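# Chain and residue survey
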Amino acid sequence: MSKKIYLSLSLLVIAVMLLAACAPAAPATTEAPPPEETEVMTEEPTEVMTEEPTEVATEAPTEPPTEEPMIELVVWADEQRSPIIDQMGNEFAGEFGVHLTVQQMGFGDIRDQLAVAGPAGEGPDILIGAHDWLGQLVANGLVAPIDLGDKTDQFLEAAVNAFIYEGQLYGMPYATENIAFFCNTDIVQEPPATWDEVMALAETLEAESGGEVTAWTIQERDPYHSFPIFTSYGGYVFGLTESGYDPSDVGLDSEGSLAAATFLQEMAAAGHLEPGVDHDIMNALFTGGQVACIGTGPWDLDSIRESGVNYGIFPFPAGSVGPGRPFLGVQGFMISAFSEDQLLAQTVLNEIFATEEFMQAMYDADPRPSAFLPVREATADPDIAAFAEAGHDGLSMPAIPEMSSVWEAWTNALSLVITQQQSAEEAFATAAEQIRTLIEE
Amino acid sequence: MTEAITGTRGRATPLVPLSNFLTRYVLRLLGLALVDAFAVWLVSLLIRDAVWPLAAAVIAVTLLVNAVNLSDRLYPLRWMSPAFAIIILTVLYPIVFTVYTAFTNYSDGHLLTKVQSIRRIGQDRFLPEGGVTYRWAGFRSSDGEIALWLVGEGGQAYLARPGQPLEEVTADAAGVGPLDADGFPESLEGYTRLGLRDLLPILDSQLAPLEFGEPPQTIKIKSIREAAQLQQRYVYDETQDVILDQMTGALYTADDRQGFFVSETGATLNPGYQVTIGWSNFQRLLTSPALRGPFIQVFVWTIVFALFSVLTTFALGLFMALVFNDPHFPARKLVRTLLILPYAIPGVIGILIWRGMLNQHLGVITTNMVNLFGWAPGWFTDPFWSKVGVLLVNLWLGYPYMMLVCTGALQAISSDVYEAAEVDGASTWQRFWNITLPLLLVSVGPLLIASFTFNFNNFTVIYAYNEGLPPIPGTPTPAGYTDILISYTFRLAFESGRGAQYAYAAAITIVIFLIVASITLFQYRFLGRWEEVSESV
């Protein structure tokens, strides 16, 4: 149901109530009703009447007035990006006679609201989103294919590929996002190159400090942050084929995944890995100098910088098959399938958003590795460049809808191993079975 | 009410002051007209979006409001009409809609109606093998016709008009102006060149539907720079209810049982559409592997959780109420106010604070316990202690309510009974056990049942505290030790298969409602006995 309908419903209820207020209060008396009563009766209905048309006017963007000099496109963006699109985007778009009406909402809300507002004709023309939404958005028919034309080469290939779903491109990427290995350079000069070195480092550090300082910690219930360990031992979530991730090939009980889980089990059994660590604790331990290395993303960069810890950002340590590869998340612009101005929206993407000035402004507003090569290559911030480096071989987060069956089972297995309630093999065999069952469900 | 009825009769007196006439008729009709106009607009909006059930509900409410305000016989209902309107729209409608949804396949992949789905699938275009792509510039003739100047990959130029064959043109032909940097003529005789500002407003509304050149190889606008021999990929045939894939030749037949267009090989087209599927959702729930798993364990914990939540909150609330009922308690108003505070804090925030205090590494409770006793329970990792933890948090959230309720109920018990008991030499304990508690339960009993029902489905506390965790090892589908029925099944509907499955969730809701309803009925029987007890006091 759209916002308009909710608004209308509430107005209807108000109107019914006003009507009730209009009924004579004391019918037995022949005197005129008290003056307050008439005030209510004369004022309130006119308020409803004057309010209503303005609401309708502002909420009906579907038919752009062709006589007006400005054509309107509605853009849905989150709070960090909407000011940039509003200022910078409109500055450029104004030259073309286009006005971008930016509606700000929470990043996750964009995905949820689109399913409701899009089909009702209240949705945006352009929206910001993450590539791993595609499975759901495409299955629901909410986004339209896009065409980057000759601009394709200016984008990071991995980022463009992440927005390809079932052979079609659905988004123009603007930034990539992945975690990297943060190390406190006061504790370790050189980051550990392998997970075995991490374990050895934990032993020395704990022995030296009497258990106060350890080498590395991880959130007990966050598979996203544990993924590089799995990939470094050859583990995977869904098998990758030429046509994308294959939901019938669940890899959490593959040899590589079990090897990675066994490493975690050994770390926990040796007392190097404490259970019950969440995101806040992990950061507190790192900024407090109690742990040498953690894996986290650009979203924690500000708090780590503020804490004054001397840190370096590195690629993940290696397991038996190579360095850990984190999940790669890609953010980009998509076009609503219910937009009546899809060609125009496409033009705005290609001619206005896919320019160095605009992409640079997007980067400045929220520094994370740009997906636009001219900006990505010119990144001056060494930390952001280090993130880009750590994510160079990142694996795009599976966008297939079956991914929703994965998180809970994976989280539980991880938690059971770290709390030493189940062996790595048992826990991950169960998790893989659970995922297969849920996908069949 | 009697006053109101005499009022209607009194209306017949001929001497009605003008102001009264205004309020009685003019304003009422004006208000009614406003409501009706509004309803008509809303219903037309709903019908356009094919939201039939809500449209029907709004029509019903509007008719009711009209009847009540126009008929003198229904006059007493007039004051009730807002309540009726709200009940229909916010209580009855959601119930009816939930039941209806349980019999559909409404879920991710099946959000759209069939018409919307066909329209969306029909949007896809493709470039056939050997199809040509051109760069283009737009021109408008004096009579308003649009023409494109096309430049092919080899550099040859054409003038294309809708429905007419392509006309090969050269830059040195008569009437063609000098070429700009992109290779397009700046002017053309009989035409005006369209700049970007002219093109953009008409791009989607006027240019996109145009087909240039002769069929079947017509040229369509692909983007602001390119035009190509694009063709519609999926064509819907209404007579046979099939979709033809023009690129591969595959035929997709509508399968109205599963809400998909399906090819012979079993491939489906995105997006699917909404259909009613009968009892399938219920069938699926009953045959779900989740029921073979820890279902009994989860069910028992649900009852234990609900029961203990009621008992602990009631016991503490009653104790507090008794203590503060004593007028000699120092600063009792202040303390009582402070004790009610948890009730005023939004539940989720309260739980978050508790999560922080119980946190295994940084929490103030845990670190103090470790300092004092050298040990602290795993409030979130240990199966037993996480259950204790969630009950404690729920106790903190719930006792102020019980305290308020009991305070009121205690004051309603007549002091005569106590005086009589005192004369008979009853001890304090006997007085509480034989007088206070039975009499209290008569008035508070239904509230306890309501509290049980509420806690039976208290998703918020379970999810905000620990998301139902810690995990139970070796279950067929993920389940946690603190999972109650609603959080366990929530996961089946929203964290499994192919995304959110609203219809399945609706079916689960109905089944859980039936369980709760039967438990509640049973409890009311039980409560009936209490009433007999109280009568004999």
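## Focus on the overall build of chain A
When helices and strands are tallied, chain A shows 17 helices and 15 strands. A total of 441 residues make up chain A; the buried ones form 53% of that total. Sequence separation of 24 or more characterises 75% of the internal contacts of chain A that already satisfy a separation of 6 or more.

## Observations concerning the overall build of chain B
Counting its secondary structure elements, chain B contains 18 helices and 13 strands. Since a compact globule built from 537 residues should have a radius of gyration of about 24 Å, the 36 Å found for chain B marks it as more spread out than a globular shape. In terms of overall dimensions, chain B has C-alpha extents of about 125 × 85 × 50 Å along its principal axes. Each of the 537 residues in chain B was classed as buried or not, and the buried ones make up 31%.

## Details of the nonpolar core
In globular proteins that are soluble, nonpolar side chains generally tend to be buried together. If you look at the biggest cluster of nonpolar residues, it comprises 156 residues, and the most contacted ones within it are A:Leu264 and A:Val348. Ignoring any residue separated from it by four or fewer positions in sequence, one finds A:Leu264 in contact with A:Ile229, A:Leu273, A:Val417, A:Ile418 and A:Ala424.

## Description of the domain arrangement of chain B
On domain assignment, one finds that chain B holds domain 1 (2-102), domain 2 (112-124 + 233-277), domain 3 (129-231) and domain 4 (289-536). The distance between the C-alpha centroids of domain 3 of chain B and domain 4 of chain B comes to 73 Å.

## What to know about the sheet that holds strand E9 (residues 214-216) of chain A
All names here are of chain A. If you trace the 4 strands from one edge of the open sheet to the other, you get E9-E12-E8-E13, paired in mixed fashion. Each edge of the sheet is formed by a strand with only one pairing partner; in this case those strands are E9 and strand E13 (311-314). Strand after strand, the sheet turns through a mean of 20° between neighbouring axes, direction not considered. Looking at chain direction, strand E8 (residues 180-184) and E13 are connected through 4 bridges and run antiparallel. Note that in E13 the partner of Asn 184 across the bridge is Tyr 311. In the packing of helix H7 (residues 195-209) onto the sheet, the strands contacted are E9 and strand E12 (291-296), and the crossing angle to E9 comes to about 160°. Contacting E8 and E12, helix H10 (residues 279-287) crosses the sheet at an angle of about 140° to E12.

## Observations concerning the pairing of strand E2 (residues 133-141) of chain B
Residue and element names in this part refer to chain B. Pairing geometry for E2 and strand E8 (residues 226-228), over 3 bridges, is antiparallel. By the bridge assignment for E8, Arg 135 is matched with Glu 226. Across 6 bridges, E2 lies against strand E3 (residues 146-151) in antiparallel orientation. Bridging from a neighbouring strand, Ala 137 pairs with Trp 149 of E3. Judged from the 3 bridges that link them, E2 and strand E6 (residues 191-193) form a sheet pairing that is antiparallel. Considered in E6, the bridge of Phe 139 is made with Arg 193.

## Side note on the environment of B:Leu111
Of note, B:Leu111 is situated in the loop between helix H4 (81-102) and helix H5 (114-121). Put simply, B:Leu111 and B:Asp182 are 71 residues apart on the chain and 45 Å apart in space, counted from C-alpha to C-alpha.

## Some points on the environment of B:Arg197
Mapped onto the fold, B:Arg197 is located in helix H6 (residues 196-207). The class for B:Arg197 is partly exposed, based on 13 C-beta atoms found within 10 Å. With 72 residues separating them along the chain, B:Arg197 and B:Arg125 place their C-alpha atoms 26 Å apart. Each residue touching B:Arg197, except ones within four places of it in the same chain, is listed here: A:Phe96 and A:Gly97.

## A look at the sheet that holds strand E11 (residues 242-245) of chain B
Residues and elements named next belong to chain B. The strand order across the open sheet formed by 4 strands is E10-E11-E12-E13, and the pairing between neighbours is antiparallel. Two strands close off the open sheet at either side, each with one partner strand: strand E10 (234-237) and strand E13 (260-263). Averaged over all neighbouring strand pairs, the angle between strand axes comes to 30°, with direction disregarded. As defined by bridge partners, E11 adjoins strand E12 (residues 251-255) across 3 bridges and the pair is classed as antiparallel. Paired with Ile 243 across the strands is Tyr 252, a residue of E12.

## Some thoughts on the packing of helix H9 (residues 295-325) of chain B against helix H15 (residues 428-456) of chain B
For any two helices packed against each other, the geometry comes down to the angle between their axes and how far apart the axes lie. All names here are of chain B. Remark: H9 packs on H15, axes separated minimally by 8 Å, with the N-to-C direction vectors making an angle of 135°. In terms of axis orientation, H9 runs oblique to H15. The element H9 and its partner H15 pack so that their crossing is right-handed. Here Thr 302, Phe 305, Ala 306, Leu 307, Ser 309, Val 310 and Phe 314 of H9 come into contact with H15, specifically with Leu 448, Ser 451, Phe 452, Asn 455 and Phe 456. Of the residues that constitute the contact of H9 with H15, the class distribution is 8 nonpolar, 4 polar and no charged.

About the thresholds
- Residues numbered from 1 in each chain as written.
- Chains lettered and ligands numbered in written order.
- Predicted model: local features only at pLDDT ≥ 70, side-chain atom pairs only at ≥ 80, totals over all residues.
- Helix = DSSP H or I, 4+ residues; strand = E, 2+ residues; numbered from the N terminus.
- Buried ≥ 20, exposed ≤ 12 C-beta atoms within 10 Å, placed from the backbone.
- Contact = placed C-beta atoms within 7 Å.
- Rg over C-alpha atoms; globule rule 2.2 N^0.38 Å.
- Core = buried A, V, L, I, M, F, W, Y, C linked by C-beta atoms within 7 Å.
- Domains from an automatic or database assignment.
- Pairing = 2+ DSSP bridges.
- Axes fitted to C-alpha atoms, helices over the stretch in contact; angles between N-to-C directions.
- Parallel < 35°, antiparallel > 145°, perpendicular 65-115°, else oblique.
- Left-handed = near helix turned anticlockwise from the far one by under 90°.
- Nonpolar A, V, L, I, M, F, W, Y, C, P; charged D, E, K, R; others polar.

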